[in-house]
Protein chains: 2
Amino acid sequence: MDSVRQLLDSAGIYATPQRLAIGEVLFVGPQHLTADEIYDRVRSRNGGVSRATVYNTLNLFTEKGLLREIFVDAACAFYDTNTRPHYHLYNVDTGELQDMEDDHILEHFARSLPAGTRLKGVDVVVRVGNHG
Amino acid sequence: MDSVRQLLDSAGIYATPQRLAIGEVLFVGPQHLTADEIYDRVRSRNGGVSRATVYNTLNLFTEKGLLREIFVDAACAFYDTNTRPHYHLYNVDTGELQDMEDDHILEHFARSLPAGTRLKGVDVVVRVGNHG
DNA sequence: AGTGGAATTGGACCAGGTCTAAAATGAGGC
DNA sequence: GCCTCATTTTAGACCTGGTCCAATTCCACT
């Protein structure tokens, strides 16, 4: 139960009740959630957390490297608890997003797609910056 | 000059003056533009095109496979005239987006980054669907 | 207890992008 | 040439995810 507190500590994040509540929703395992899903889950478990705090906290966690933002369509960001560089499989029809673990997926993706799905495209974004 | 018309024809898109104007802005070569940039360029060249038409047309072109949408941050979509599966280099500080042509970039990206930039992360989205 | 800086809050605000209802366009038939 | 009707365009209202802001609360420290 205190693993979330430790995680925040190790990232240099001051642990508040709200941040712990949000962390407990997020860091139960690898998952992809939207801000709204996170907001709903935190509320139904702990009650009082405002939308603004959820956004603040998600941005803070992202900045500190505990989360990664994924943009897969214009109208909603996913937050991924797996922060290693990795691949995603996005189903444009269902809106599902899942991790792909195969390191050679780029060579194989066409062969290894889930049954019943058809390839629509592959985008790789290598994110760089000028500092930090 | 009529190559845009031919492109629209071959994609089964009825060629209107507005669509041709937008096509002429887009299909001059490989590039990444935002909807707003496209709107501005069309207006400064041809005048009368409404924002709604630009969005309609971009969606139509995307649907018909002439364009690809790229989501790289929450607040703005890029439209890429290169529709083959390929990689992008996004500079989080400048907002620049460029194509990467190296087919083995995933193995080499860490070594081949532009001078003065540092790796922030790699996201690969393999887009699939249940039909079509 | 008192103080000051950080965190939280609700609500106003912002900006892409979509929707809608009305007007304009234009190809096909006459 | 001109009607007709479906398609396209348009302006502006609208929606919605996300940010900003000023006011309040919290809490570590004295």
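Up top is the structure.
Residues numbered from 1 in each chain as written. Chains lettered and ligands numbered in written order. Predicted model: local features only at pLDDT ≥ 70, side-chain atom pairs only at ≥ 80, totals over all residues. Heavy atoms only, no water.

## Examining the protein's contact with DNA strand C
We count it as follows: If even one non-hydrogen atom of a residue comes within 4 Å of a molecule or strand, that residue is called near it. N or O atoms within 3.5 Å of each other form a polar contact, as long as, within protein, one can give a hydrogen and the other can take it, and as long as residues adjacent in sequence are counted only when both atoms are side-chain atoms. Strands are runs of DSSP state E lasting at least 2 residues, helices are runs of H or I lasting at least 4, and numbering of each runs from the N terminus. The residue classification treats Ala, Val, Leu, Ile, Met, Phe, Trp, Tyr, Cys and Pro as nonpolar and Asp, Glu, Lys and Arg as charged. All others, Gly included, are polar.
What surrounds DNA strand C is a group of 17 residues, the closest being A:Thr16, A:Gly48, A:Ser50, A:Thr53 and B:Tyr55. When atoms of DNA strand C within 4 Å of the protein are sorted by moiety, sugar and phosphate together comprise 87%. B:Tyr55 is positioned with one of its side-chain polar atoms (N or O) 2.9 Å from a phosphate oxygen of DNA strand C. Mapped onto the surface near DNA strand C, the elements with two or more residues apiece are α2 (17-26) and α4 (51-63) of chain A together with α4 (51-63) of chain B. The class makeup of the residues in the surface near DNA strand C is 9 nonpolar, 7 polar and 1 charged.

## Description of the interface of chain B and chain A
We apply this condition: Two residues form a contact once any of their heavy atoms are found within 4.5 Å. Summed over both partners, the accessible area (1.4 Å probe) lost when two parts come together is defined as the buried area. Put simply, a salt bridge is a Lys or Arg side-chain nitrogen that is within 4 Å of an Asp or Glu carboxyl oxygen.
Every contact between the two is made by 38 residues of chain B and, on the other side, 38 residues of chain A. Contact between chain B and chain A buries roughly 4,100 Å² in total, counting both sides, with carbon and sulfur atoms accounting for 53%. When residues of chain B are sorted by the area they lose upon contact with chain A, B:Asp123, B:Arg127 and B:Val128 head the list and together hold 19% of the total. Taken together, the connections running from chain B to chain A amount to 0 salt bridges.

## A short note on the sheet that holds strand β1 (residues 32-34) of chain B
All names here are of chain B. The test is simple: In this description, strands pair whenever DSSP reports at least two bridges between them. Axes here refer to lines fitted to C-alpha atoms; in helices the fit is confined to the stretch in contact. Angles between the N-to-C directions go from 0 to 180 degrees.
If you trace the 3 strands from one edge of the open sheet to the other, you get β1-β3-β2, paired in antiparallel fashion. The sheet is open, and its two borders are formed by β1 and β2 (68-73), each paired with just one other strand. Sheet twist, expressed as the average angle between the axes of neighbouring strands with direction ignored, equals 35 degrees. Here β1 pairs with strand β3 (residues 76-80) via 3 bridges, running antiparallel. Bridge assignment links Leu 33 to a residue of β3, and that residue is Tyr 79. Sheet contacts for helix α3 (residues 35-46): β1 and β3; angle to β1, the most-contacted strand, approximately 85 degrees.

## Describing the pattern of salt bridges
Residues and elements named next belong to chain B. Short version of the rule: Three exposure classes are used, based on accessible area relative to the maximum for each residue type with a 1.4 Å probe and protein chains only: buried under 20%, partly exposed in between, and exposed over 50%.
If you walk through the whole model with that rule in mind, you get 4 salt bridges over all chains. Between Arg 45 and Glu 24 there is a salt bridge; the shortest N-O distance is 3.3 Å. Taken together, the residues span a long stretch of sequence, with Arg 45 in helix α3 and Glu 24 in helix α2 (residues 17-26) at a distance of 21 residues. For the salt bridge of Arg 51 with Asp 36, the shortest nitrogen-to-oxygen distance reads 3.6 Å. Separated by 15 residues along the polypeptide, Arg 51 in helix α4 and Asp 36 in helix α3 bring together distant segments of the chain. Taking the relative accessible area as the measure of exposure, Asp 36 reaches 37% and is therefore partly exposed.

## Remarks on the state of the cysteines
Convention followed: Working definition: a disulfide is two cysteine sulfur atoms within 2.5 Å of each other.
Enumeration according to the criterion identifies 0 disulfides over all chains in this entry. Cysteine A:Cys76 is unpaired, with the sulfur of B:Cys76 as its nearest cysteine sulfur at 17 Å. Overall, the relative accessible area of 27% leaves B:Cys76 in the partly exposed class.

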